[in-house]
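# Structural description and commentary
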Amino acid sequence: MFQDKILTCRDCGVEFVFSASEQEFYAEKGFTNDPSRCPECRAARKRQGGYNGNSGSSRPQREMYDAICAECGAKTQVPFRPSGDRPVYCRDCFDKRNRR
Ligand SMILES: [Zn+2]
Ligand SMILES: [Zn+2]
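Residues numbered from 1 in each chain as written. Chains lettered and ligands numbered in written order. Predicted model: local features only at pLDDT ≥ 70, side-chain atom pairs only at ≥ 80, totals over all residues. Heavy atoms only, no water.

Moving on, we come to the nonpolar core. Of all hydrophobic cores here, the largest spans seven residues; its members are Leu7, Cys9, Phe16, Phe18, Tyr26, Cys38 and Cys41. Not counting residues up to four positions away in its chain, the partners in contact with cysteine 38 are Cys9, Cys12, Val14 and Phe16. (Core = buried A, V, L, I, M, F, W, Y, C linked by side-chain atoms within 4.5 Å. Buried < 20%, exposed > 50% of the residue type's maximum accessible area, 1.4 Å probe, protein only. Contact = heavy atoms within 4.5 Å.)

Encoded structure:
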């Protein structure tokens, strides 16, 4: 039969319980080694490893298009493709026009 074991996490050094039911689960899965990390460090490692390249931002990057401000001629970027039939303004001029 299994008995609760106290193990020490190799990452953070904290002591954690490797419970009888967990040991049973491990044995069922055929794992012969005790877990070497506490549940928190295991979860942290899983979080780091799982999704490559995605550094926390779930929002897709919006594509920006180069444009020339119709007011001051400055280079700017807009989140839509400038169509030519509507003037595009840089952020400053856009703010100025909206404040008027
Ligand atoms: Zn730990
Ligand atoms: Zn401008």
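Inspection of every chain in the model, using the stated rule, returns two aromatic pairs. Ring centres of phenylalanine 18 and tyrosine 26 lie 5.1 Å apart, and the angle between their planes is 80°; this geometry places the pair in the edge-to-face category. The residues phenylalanine 18 and tyrosine 26 share a single accessibility class, namely buried. Pairing tyrosine 26 with phenylalanine 31 gives two aromatic rings, centres 5.3 Å apart and planes at 70°, and the pair type is edge-to-face. Given a relative accessible area of 16%, tyrosine 26 falls into the buried group. (Phe/Tyr/Trp six-rings, centres within 6.5 Å; stacked < 30°, edge-to-face > 60°.)

As a further point, take helix H1 (residues 20–29). By the burial criterion, the buried members of H1 are Ala20, Gln23 and Tyr26. End-on view of H1: buried residues confined to an arc of 120°, all on one side of the axis. With respect to the buried face of H1, the exposed residues turned more than 90 degrees away are Ser21, Glu28 and Lys29. Glycine 30 lies just past H1 and shows a positive phi near 85°. (Helix = DSSP H or I, 4+ residues; strand = E, 2+ residues; numbered from the N terminus. Arc of directions from axis to C-beta.)

Turning our attention to the pairing of strand S2 (residues 15–18). Where burial is concerned, the two faces of S2 differ: the one with Phe16 and Phe18 is buried and the one with Glu15 and Val17 is not. Relative to S2, strand S1 (residues 5–8) runs antiparallel, the two being bridged by four bridges. Pairing of threonine 8 across the sheet is with glutamate 15, part of S2. In sequence, S1 turns back onto S2 through a hairpin of six residues, with glycine 13 there showing a positive phi of about 75°. (Pairing = 2+ DSSP bridges.)

With that settled, consider the coordination of the zinc ion (ligand 2). Protein-derived ligands of the zinc ion (ligand 2) are Cys69 (SG), Cys72 (SG), Cys90 (SG) and Cys93 (SG), with the metal-ligand distances lying across 2.2 to 2.3 Å. For the zinc ion (ligand 2), the four donor atoms are set out with angles of 104 to 112° between them, so the coordination reads as tetrahedral. Each donor residue of the zinc ion (ligand 2) lies on the same chain, and together they follow the pattern C-x2-C-x17-C-x2-C. Residue cysteine 72 is located in the loop between strand S3 (65–68) and strand S4 (75–78), and its partner cysteine 90 is located in the loop between S4 and helix H3 (91–99); the two are separated by 18 residues in the primary sequence. The partly exposed category is assigned to cysteine 72, whose relative accessible area is 47%. (Donors = N, O, S within 2.8 Å, 3.2 Å for Na, K, Ca; no water. Tetrahedral: all angles 85-135°; square planar, octahedral: opposite > 155°, others 65-115°.)

So far we have only geometry, and geometry alone does not tell us how the molecule works.
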